[in-house]
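Structural features, examined
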Amino acid sequence: MASNERKSVPLNEFQFETKVGKFVTDKEKKTSVVSGKSENLEAFTPNENLPDLVPEEATEVRWNSFGYGLYFHFLFQGFVLKTLFSIIYPFYANYLNLDSHQYRAASTLPLSAWALKTVIGVVSDVWPIFGQRRRPYMIAGMGLSFIPLAIITFKPVPEPYYTPVYTEDDCYLNRTLITNANAKDEGMQYVVINTLAFMLLSFADVAADGLKIEYSQKEGDDRRGSINIIIYMFLEASTILSVIVTGFLMNGVEYGGNFCFSISYQTLSAVMSGVCFMAVINGVFMVHDKEVEIICSVKERFRNFWKAFQSREVLQTFIVLFFWAMSIRITSPAGVKVKKNWAKVTPLITTVSQFVATGLEIIGVWILKKFFLNASWRKVFLFSRVIHLVTEYVVEFGTVFNIVRNPYFYFADDVISAIPEGMGHLVGGLMLIEICPKGLEALFHSLLVTSFIVGMIIGTPIANAVTAPFDISTDERYFSDTDEDRRMVAWSFVVALLVQVFSIPLLRLLPSQKEDIQKLRAKKRFYPVLAASFLTLVIVVFLLSFLMAIATLVPQFSCQPILGGAEMSFAVQPQAISDQIYMHFLFDNLFLNSCFSKCHLTVIDSKKYAPIFGVDSVGSVIVDVCQESSAIKRVKNRECTLTPGHQTRKRHVPIKDPHVSKGLPSPAKVVTRNENQTHAWLEIAQRFGFWAERNRAMSVSARRLQANIGVLTSGGDSPGMNAAVRAAVVMGLSLGAKVYLILEGYQGMVDGGKFIEEASWAKVSDVIHVGGTFIGSARCKAFRAKEGRLKAAKNLVKKGIHNLVVIGGDGSLTGANLFREEWPELIEELFSKDEITAGEKERHSHLQIVGLVGSIDNDFCGTDMTIGADTALHRILECTDALKTTAQSHQRTFVLEVMGRHCGYLALVAGIACAADWIFIPEDPPQDGWEETMCNKLEEARHLGQRLCIVVVAEGATDRNGKPISADHVKNVITERINHDTRVTILGHVQRGGSPSAFDRLLGTRMGAEAIAALQDSTPETPAYVISISGNREKRVPLMEAVLKTQSVAKAVDEFRYEDAIALRGKSFQNNLEIYRTLNNRHVPDGATSVIEGKQRTQVVAVMNMGSPAPGMNAAVRAVVRTLFYEDNYNVLLVYEGFEGLLSEHVEFANWTSVSGFLGMGGSILGTNRRVPTDPMKVAKKFEKYNICGLVVIGGFQAFEALKVLNDAREEYREFCIPMIVVPATISNNVPGCELSIGCDTALNAICRACDVIKQSAQGTRKRVFIIETFGGYCGYLATMAAMACDADAAYIHEEKMTIEDLKDDVYHIKEKIHNSVIQRGLLVRNENANENYTMEFIERLLNEEGEGSFSARSNRLGHMQEGHNPSPYDRNYASKLGTRAGQWLVKQINECTAADYTSVLTIKPETAVVLGMVVGKLEFLPIASLVEEADFKLSRPQSQWWMRLRILLRALAKHHCFDLVDS
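So, here is what we can say about the structure in this document. By convention here, each chain's residues receive numbers from 1 onward along its written sequence. Owing to the predicted nature of the model, reporting of local features is limited to residues with pLDDT of at least 70; listing and counting of side-chain atom pairs is limited to 80 or more, with chain, interface and lining totals taken over all residues. Hydrogens and water are ignored here; the side-chain numbers use all heavy atoms of the structure.

**Concerning the overall build of the protein chain**
What counts as a helix is a DSSP run of H or I of at least four residues, what counts as a strand is a run of E of at least two, and both are numbered from the N terminus. For the protein chain, the count of helices and strands is 49 helices and 36 strands. Using a 1.4 Å probe on the protein chains alone, a residue whose accessible area is under 20% of its type maximum counts as buried, one over 50% counts as exposed, and one in between counts as partly exposed. In the protein chain, which comprises 1464 residues, the proportion classed as buried is 61%. Here a residue-residue contact requires only that any non-hydrogen atoms of the pair lie within 4.5 Å. Long-range contacts, defined as pairs at least 24 residues apart, comprise 80% of the intrachain contacts of the protein chain with a sequence gap of at least 6. When the accessible surface of the protein chain is split by element, carbon and sulfur atoms take 55% of a total near 54700 Å². In these tables, accessible area is a Shrake-Rupley quantity obtained with a 1.4 Å probe, and a residue counts as shielded only by the protein chains included in the view.

Put into C-alpha cells, the structure is as follows:
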C-alpha cells in the first residue's frame, strides 16, 4: 500500500505494513508465508529510503466500547500511579521525616522503573501473548502490581519519626519529641517495594501507550491527537480522584496534616490493590486488541529500530528532551523542607492545590486542542517553562525570606502555571505520535520515556551535589530560621534557577511542528555514532543515578557530599586547657566513629596552637576516616554534628568558661596509625587530665579509695553490662581511684598494652542504653594456663591495679577467684624473674575481686536476677506476641525454643508471661507419658476456642531419663498424634540483643555501685564477693559459695535429683514454677466453661479495677479468676468501672474463657474509676444483692482508700464483714505496704524508650537540654528510677523540696558538662507535682535564659503513653503471681470464716482486710488498719519509701558537683 494513500477500513479488519514487518489478521493467516530465512523477510522490511510513516485512517473509535475499555484502563492505572506518587510527601517527608536529599532520592527512585520501558516496549512489540501485543501485558502488569501493594497492606508500618499528640480538644505533631528515631532508616524498604510496584505497572503502561498510539495513528491529519487528548483527560480525572483520597484521608498529624484522623499506609495500599483488580477485569472484558502474527525475527526488528533511531528527527528530539528533563530536575532539595517547616503545607492543602491545578491543566489541554493544536511546539514549551519559573521562584523566595509564609500562597506556583504546564505536557505526546514508526510504537514511546526519566533521575543527584555545601537537608536549619539559614536556603534556589535558565536555549533544537519533522525526515540524514553515544550515555547514566539514589537512602552513605550530604568540618579556637580535652575527644569519638569520608579540621586564631593539634600552620588538615559509625557526638562550641546521614552546621562560638584554668600543657603528638587499614587513623599520644578546677569543691564524706581498679566483662555478653561498667567507673572515680577498662575480657588482661586503658566519666557516658558490652568480651584459652595468668598479673601490676570488678557468668567468676588465690604466688614469681620491682611487689601483695553476674539465663544461685535476664525475656515476649497474630490467623501451634542449656528460668517465666500451654525445662522434666498428657492439654485448649497454642522448650530440656527433648521432637509428637499445624521457632542469639530493659539498666547500675563499695570495704582477709540482688536489696555473697551452689544444680540434674535442683535454684524459681503449675499446667475444671454452670457455684467473689489504668491489671484479673475456678464452690463477679460500675450494676459473672487473652493486654479491660465510695450503704446493698463473700480490688492508692472505707464500715454493715484484699497496680507505685506495684516496670520501660530517642535528638541536632515530665502524682518513684535508667542529670520530685539554689546548681552542672566533655546534651526528669511554682515551663525558660550561648532547652510531657503499652514480662509475671496469691488467700479466708450452715461468710478480723505487697522481696498480707498510719492520704503516697536511698546514687552517677557521697 502506498504511503500517500489513505483508506478507511473497519478497525477489526485493518491490515497494514510497517517498517519492521507485516502484521496480518486472523482472516489473512491462511495465506501468509512464515519463514525464518532472511531472504523471505525482505518483502516485509523497509527499503533504504524509509517510506513515509504517516499512517492510515481508522474508523471512529473515540467513543465506542473499544475506546471506553482503553479509557477506563488509563483511569485505573492513573489512579494507582498518582496515588503512589501522592503519598511520597506525607509518608516520606513527614511520617518518616527523611532528609531533603533523601526525600528527593525517594521520590526519584520509583521513576527508575519507568526507565525500563524501553526493554518492556521491545518485549511488547516482538513477543505477542496469545497473538496479542498489548492487552495481555496490560492485564499482567496491573495484576502483578497487586503483589507489592499487598505486601505493604500486610506489612506493619513503623511508628512515625515525631510524636503525634492527641488531646480532648486538639491534636498536633510534637516535633520536639521523637517517637521512632529509626524511622528514616526504615524508609529504604518502602522505597524498594514502591519501585517494584512501579516496575510492574510499567508493563501495563507501555502496552497501553502502544495501543493508544496505534489508535491515534489511524486518525486523520485534521483530528489526529483527539484520542490522546481524551485519554489525557481521563488521566487527569484519575489524578483528581487520587489527590482527594490521599489529601483528605492522609491528612492526619502524623503525616504533617491537621486532621486528628487518617487512614494508614496499609489501608491505602489495600485500596490500590482493589483498583488493580478492577483494571484486570476491565482488561479482560473491555479492552480490544486484534490478534496478529509477527512475520519478523527479533534481530531484524532491532536492525530496523536502529535504522530509524539514527534519523535526525528522532535523535534530535530524544537528545533535547533528555537534557531538558535533566535541567528541570535540578531544583533545590530545600523545597520539601521549606514546604513542610516554613510554609506549613499539609497533605490536605496539597490536595486542594493539586485539585485546582489538575482542573486548570485540563482547561489548558482543551485550549491547546481547540485553538493551538497546530501552534509551534517550541513556543508552547517556552511559554509553560517561563511561567513556571517566574511563579515558582517568586513563591520560594517569598517564603524563604518570610515575606509571605502561607501554605496557600506556596501553591500559587502550581495553580498559576497549571494551564501552560498542561499544554506543555500534551505537546510531548503529540511529538511522540509524529516520530513513532508504525509497528515500533511501544518501543519508541518507551525509549523516549526512558530518556526523559533518566535525565530526571540524574538531575536529582546533580542537584543534591551542587547544593550540598549550603547544608539544607535536615530540619535543624529550618527550626532555627536565622538570617544565615535563610541565605543558605536562598542560595541553593539561586543555583538551581541559573541551571534551569541556561537550559532554555535547548528549545531551539526541538522541531517546531509536524511539518518540521516531515522536512527532517525528507533530508534522510543518519548519525550512527551519535546515536550509539547517546544510547551508551543513557545506559551509563541510568545505572549510575540508580546506584546513587539507593546510596542516598542508606544511612552509612547518605552523608556523602556527592549524594547531598556534607563533609565534617570543625573550626577550633583554642583558649584553654579544655581545648586539648575537646580535641582528645574529637579524635577518639568523632574520627574513629564517623560516617563521613573526609573530615576538615581547621585551627584558627594563633599559630602557637597549631602544633598542639598536629597542624604545621594555621589552616586545614584533611584526614580520611573509616566509615563505621553509629552516632557522632557533638563537640561543644565548635560544630553541631548530627547522626549519620546528616550534615554539619558550621557555627563557631568562642569558649567562655571561667571554671577552666588558662594554662597550656606541652603539645600533643599526633600519630598516624595504618595497620591493615585503608584509611588513616589518628590518636592522641599524650592524654590530658579531664577534671577541670571548679570554683566549688566536691563534698565527699566517704573514705577515699586509694587504689586502681580494673573493670572487665567476660564470657557471653548480656544487656545491662554497660550500665554496670558505667556505675563502677563513675563511682570509682568519685572515690578518688583510677579506673581502667580492660578490653576484650581476660584476653585483654593477658595481652595488656592498649587493651588496658584508663577510664574517664566521658568514656562511659551515653552507654547505659546500649546492649552488649562496649569494652568487649572474649573467651580466653591463655588465661586458663598459669603462663597466661602470669602475664595478666604483670600487666595489672604495671598499671597499678590490684582491685578487679569482673562481670560475667559462673565460669568467669570461677577464673577470677582462682586468679585471686594464685596472686601471691604469681607476684613472687614475677619478682624472682625481675619483671617487677620490690616496690611494685609490696604495693600489690594482694588482689581484691568483686563479681557481678551477667547472664541472660539467670542461672546463678544466690541472686534473684542476673544482669540481662529481664531483657532476654523482653525479646522472647516480643516474639511470642508477634507469633500470636500469625498463629491465630491459621490456628497453629508454635514450639518455641529459648536459651537455657542448664537452667530453665527463661522458658519458665516466658511460659507464665505468654500463657504457654506446656513448657520443658531441665529442672522439672515431664513425667513418663508426657506426650499423651501434653496433646490432651493442647486439644482441650483448642476445644475451648483457643486458636493459638504455645509450647516453650529450653534448649537443655530432657525427659526423666535424661534423654534430650528438642523442639523438633515436640513438633513431631504434636503433628503425629493430634495433627495440629505446628511450627518451630528457635530464637537463638536474638535473646541476647537489643537495648537493655529498664530493669537491667537499674540492676546493672545498682550492682556496679555496690561493687565499688565492696572494694572500698575490703581487706586482705575478706573473701571475694559476688554482688546479688535479693529482696530488692543489694547483697554481698561469698563468690565461691555461690559458684559451688550453682554448679551443684547441674550436678543434681545430671543425677536425676530434680527436687533438689529446684530447691537449689532458690525461692524465686520455686514460686515461679508453682505459679505456672497453678495457672497453665492444669486441666480446665468441670463447670468452669459456661456462665450458667458457673452460677451454680455458691461463693461469689467480686473482682474490680480501681484508680488509673496500669499495664498488668488484666493479667492480675486473669490470675484471680482462674485460681478461684480451680476451687469447686467459687464463682467470680467481674465488676466494670470500679465501685461506680457496681452501683450501676455494670457487672457480669465470669467463666473460664472470659479472661482468655487478658495476660498480654495493656490497660484495663474491666475499666477503672478513681471515685472512692462515699455512701457505704449503697455499696452494702449491692454486696447483699449479689451475695458477695469476697472482694479483690486491683489498683493504686484509691483502691487502698476504698477498702479502708469498707473496713471502717464493718461494724455498721455486715456485708463488709468478708475477706477483702488490695492487689497493688499503679504506675505511680504509691500503695502503702508494697515496695513495687504492678505496672511500674512497663511504665519505666516506656519512659526509657522515650528518653533514649529524646537524647538521640539532642545529640543529633544541637547542644540541647530536655526536661521530661513523668506521671506519679506526688510520688517520685517513676521520675527517680527513670532518671537513673536514662543517665539523666537530675530528677525533681515532691519528696525532696526544690529550691532556686538547686536549679542554679543544675544549670552550672549542665554548663560544665557541655563545656568540658564530649557529651553535648542534658536530661532533667521532673515529677508532675514536684513543685507548684517551679513548673516544667519555668525550668525551661530558666535554662534557656541561663544557658544562652551554651545550650537551649526543650520540655516534653510524656503523658498517658506511660500508662499505655502491653505489660512487660516482669509485670505479666508479677501480676500473675499476685493474682494467684490473692485468689489462694481468699479461698483460705472464706473457708475459715464460713458459718456452720455454709451459707454465709462473716469476719471482722483486721487480717481479713489486707494489702498484698512485696516487702523486702517477700509477699506479705498486711492489714489495712495497720497501714493507715504509714499512709499520707493528703498526698496519696506512703510516708516512707525505700527507693529514696538511691537518689544519692543518681547524683553521683551524673557526675554532679554538689552531691554528698555517703558510705552506704
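Now that the structure is up, let's keep going.
**Here's the deal with the packing of aromatic side chains**
The pairing test for Phe, Tyr and Trp rings, Trp by its six-membered ring, is centres within 6.5 Å, and the orientation test on the planes gives stacked under 30 degrees, edge-to-face over 60, and tilted for anything in between. On inspection of all chains with the given rule, the structure shows 27 aromatic pairs. Note on Phe 397 and Phe 493: the rings are 6.3 Å apart at their centroids and 75° apart in plane angle, and the pair reads as edge-to-face. With Phe 397 in helix 15 (residues 377–400) and Phe 493 in helix 21 (residues 483–502), the pair connects residues that are 96 residues apart, well separated along the chain. Phe 493 gets classed as buried once you look at its relative accessible area, which sits at 2%.

**So, helix 36 (residues 1058–1065)**
Along helix 36, the positions that sit buried rather than exposed are Tyr 1058, Ala 1061, Ile 1062 and Arg 1065. Viewed along the axis of helix 36, the buried residues span an arc of 95°, placing them on a single side of the element. Looking at the buried positions of helix 36, the neighbouring elements they touch are helix 35 (1039–1054) and helix 37 (1067–1079). Backbone geometry just after helix 36 places Gly 1066 at a positive phi near 110°. To obtain the arc, one takes the directions from the helix axis to the C-beta atoms.

**With respect to the packing of helix 45 (residues 1300–1316) against helix 46 (residues 1336–1346)**
Contact pair helix 45 / helix 46: the axes reach a minimum separation of 11 Å and the direction vectors enclose 50°. As summarised for this structure, helix 45 and helix 46 are arranged oblique, according to the angle between their axes. Crossing handedness for the pair helix 45 and helix 46: right-handed. Counting all contacts with helix 45, which are made through Leu 1303, Val 1307 and Lys 1311, the residues of helix 46 involved are Phe 1338, Ile 1339, Leu 1342, Leu 1343 and Glu 1346. Residue composition of the contact of helix 45 with helix 46, grouped by class: 6 nonpolar, no polar and 2 charged. Axis geometry follows a simple rule: fit a line to the C-alpha atoms, using only the stretch in contact for helices, then measure angles between N-to-C directions, giving values from 0 to 180 degrees. Just so you know how the angles are binned, under 35 degrees is roughly parallel, over 145 roughly antiparallel, 65 to 115 roughly perpendicular, and the rest oblique. A crossing counts as left-handed when the near helix is turned anticlockwise from the far one by less than a right angle, and as right-handed when that turn is clockwise. Residue polarity is assigned by list, with Asp, Glu, Lys and Arg as charged and Ala, Val, Leu, Ile, Met, Phe, Trp, Tyr, Cys and Pro as nonpolar; anything else, Gly included, falls into the polar class.

**Some words on the pairing of strand 25 (residues 1130–1135)**
Burial of strand 25 is extensive: 6 of the 6 residues sit out of reach of the surface. Burial along strand 25 is two-sided: Tyr 1130, Val 1132 and Leu 1134 and Asn 1131, Leu 1133 and Val 1135, pointing in opposite directions, are all buried. Strand pairing is assigned whenever DSSP identifies at least 2 bridges connecting the two strands. In the sheet, strand 24 (residues 1099–1106) pairs with strand 25 via 6 bridges, with the strands oriented parallel. The partner of Val 1101 across the bridge, within strand 25, is Val 1132. Seen with its strands pointing away from the viewer, a crossover is right-handed when the path leading from the first strand over the helix to the second is clockwise. Handedness of the crossover joining strand 24 and strand 25 through helix 39 (residues 1113–1125) is recorded here as right-handed. Relative to strand 26 (residues 1147–1149), strand 25 is paired through 3 bridges, and the arrangement is antiparallel. Considered in strand 26, the bridge of Val 1135 is made with Val 1147.

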